[in-house]
Every structure is written in C-alpha cells, then in structure tokens.
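# Overview (structure and organization)
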Amino acid sequence: MAKVIITKGPGTGTEYEIEHAAILGRLDTSDIPVRDKKASREHAKIYKQGRQYAIVDLNSSNGTFVNDDPITKHMLESGDSITIGLVSMRFEDPDAEAAKQGAIQKRSKLDEDFRTAGAPAGGGGKIDRDVVLKSHQPLQFRKIKPGRTLLGFDLDQVSDGGRFVIYTILILIFAALMYVSYSAVVG
C-alpha cells in the first residue's frame, strides 16, 4: 500500500497510508494534515489512477511542488518529494517498486535470452538473425478512422455548441432556398 512520510516540518517521521485517495491540508480532519500556515485547508489530493497514484493541487493559494517543481497534476513515482509550504514529505509505493523491479528483471532475462540465442555451447559467438523469441509480440496499431465530416468540418472535433450553430445555419440556408424556389414557381 502506498504511503506518505513527512520528512521535514511539523510531524517529521509520521507515516500516512493511502489506499485509494487522501486529502492533504491544513485542517486536522484532513487525511494527511499539513501543519503549516501556507497550506490551504484542502490543499492537494493524492488518488489512485489505474495502477499509479497521482497528485493534484486543489487550487491552493501557495501551490504544490513535486521534486521542487510546481504542479497542477502529477503522476507520482516512488521516492518523489512533495512540498507544501515548509512541510516536505516522501511518497512511497512498494507495489510500484516491486512491479518496476519485476519489469527490469524480465527485460534483463529477455536481453540475456537474445544474446545467447544461437550461440555455441561455450558462450559468446554469433547471434542467429532468424531466432524469434517466444515472448516477443509485435506492436498492434488501430487504424484511425476519419470522423464525421460536413462541408470540410470534422464534426467529432467541433463542440456541441459549434455543431448546433453549423446545423442551424444549414437549416436557414435550406429554408431560404425553399422560399426562393416557391416564390419563383408561384409567381
């Protein structure tokens, strides 16, 4: 489970676990209280997004910083430093670290398999270019379909209000053409 450890300021050494989401702020009722006058009552929020955690600034007066950079939203990595006012804390996610280490080990194993594929028993040697690793999967791409178009406008890229205006103008043009046609026929 992810956690935040206060590393500087009031409450240094205090750890707070984050299951799904946590509010950081000046209020004592905050999930992670930040005891600093520069902290807003509800200053920032850390929440799980997929397999990662993100931090978002909740329109605070003095801003939220991750690794000394001001952020509005940031995908957190284990070891990131979060600063609010004079309080600093470290984000840790053991699950992400374990997944990262597993991916590194898997890649190392694939690299080793590739280097040794087709090599003589004594190690080293020439790599056979026709060797295909079983775990290799080709990249899959979806074709990008063009959106709905009308008079050169991609309607999927136009807002609802923009589509309303376009359709209204077309209806008015059609009505005007019908009126001119009717007037020409009748008299």
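Just so you know, these numbers come straight off a predicted model, no measurement behind them.

Looking now at the environment of L24. Along the chain, the position of L24 falls in strand β3 (residues 21-25). The exposure class of L24 is buried, given its relative accessible area of 0%. Measuring from C-alpha to C-alpha, the distance between L24 and H43 comes to 5.7 Å, with 19 residues separating the pair along the chain. Aside from chain neighbours lying at most four places away, what touches L24 is S30, I32, V34, E42, H43, A44, K45, I46, I84 and M89.

Burial of β3 is extensive: 4 of the 5 residues sit out of reach of the surface. Of the strand pairs in this sheet, β3 and strand β5 (residues 44-49) are connected by 4 bridges, and their pairing is antiparallel. Within the sheet, the bridge partner assigned to L24 lies in β5 and is A44. When β3 meets strand β4 (residues 32-33), the two strands line up parallel, connected through 2 bridges. From the neighbouring strand, G25 faces β4, where its bridge partner is P33.

Tracing the sequence through the fold places S30 in the loop between β3 and β4. Those residues in contact with S30, other than ones at most four positions away along the chain, are I23, L24, G25 and R41.

Attention shifts here to the pairing of strand β1 (residues 2-8). As judged from the 4 bridges shared by β1 and strand β2 (residues 15-18), these two strands associate in the antiparallel manner. Paired with A2 across the strands is I18, a residue of β2. Counting the residues that bridge the hairpin from β1 to β2 gives 6 residues, and of these G9 lies at a positive phi of roughly 105°. Where β1 and strand β11 (residues 87-92) come together, 5 bridges link them in antiparallel fashion. Pairing of I6 across the sheet is with M89, part of β11.

If you walk across this open sheet you meet the 6 strands as β2-β1-β11-β10-β7-β8, and the pairing is antiparallel. Bordering the open sheet on either side are β2 and β8 (69-71), each of which pairs with just one other strand. In this sheet, neighbouring strand axes are inclined to one another by 30° on average, regardless of whether the strands run parallel or antiparallel.

Okay, a nonpolar patch on the surface next. On the surface, a cluster of nonpolar side chains totalling about 510 Å² of accessible area is made up of F164, V165, I169, I173 and L177. Along the chain, F164 turns up in helix α2 (residues 160-186).

If you look at the biggest cluster of nonpolar residues, it comprises 22 residues, and the most contacted ones within it are I18, I46, I55, I82, M89 and F91. At the level of secondary structure, the elements contributing two or more residues to this core comprise β1, β2, β3, β5, β6 (52-57), β10 (81-84) and β11.

It is worth spelling out the pattern of salt bridges at this point. For the structure on display, the rule yields 3 salt bridges. Residue K3 is joined to E15 by a salt bridge in which the shortest nitrogen-to-oxygen separation is 3.3 Å. With a gap of 12 residues between them, K3 in strand β1 and E15 in strand β2 connect regions that are remote in the sequence. Close ionic contact of D28 with R35 constitutes a salt bridge, the shortest N to O distance being 3.9 Å. Among the residues examined, R35 registers a relative accessible area of 45% and is labelled partly exposed.

Moving on, we come to the side chain of S40. Inspection of the secondary structure assignment puts S40 in the loop between β4 and β5. Judged by its relative accessible area of 13%, S40 is buried. Within the local environment of S40, its side chain forms a polar contact with the backbone nitrogen of S61, the two atoms lying 3.3 Å apart. If near-sequence neighbours (up to four positions away) are discounted, S40 is found in contact with G25, R26, S60 and S61.

Reading the values: rules and limits
- Residues numbered from 1 in each chain as written.
- Predicted model: local features only at pLDDT ≥ 70, side-chain atom pairs only at ≥ 80, totals over all residues.
- Heavy atoms only, no water.
- Helix = DSSP H or I, 4+ residues; strand = E, 2+ residues; numbered from the N terminus.
- Buried < 20%, exposed > 50% of the residue type's maximum accessible area, 1.4 Å probe, protein only.
- Contact = heavy atoms within 4.5 Å.
- Pairing = 2+ DSSP bridges.
- Axes fitted to C-alpha atoms, helices over the stretch in contact; angles between N-to-C directions.
- Patch = residues over 30% accessible without salt bridge, like charges linked within 9 Å, V, L, I, M, F, W, Y side chains within 5 Å.
- Areas by Shrake-Rupley, 256 points an atom, 1.4 Å probe, with all protein chains shown as cover.
- Salt bridge = Lys/Arg side-chain N within 4 Å of Asp/Glu carboxyl O.
- Core = buried A, V, L, I, M, F, W, Y, C linked by side-chain atoms within 4.5 Å.
- Polar contact = N/O pair within 3.5 Å; in protein donor to acceptor, adjacent residues only side chain to side chain.

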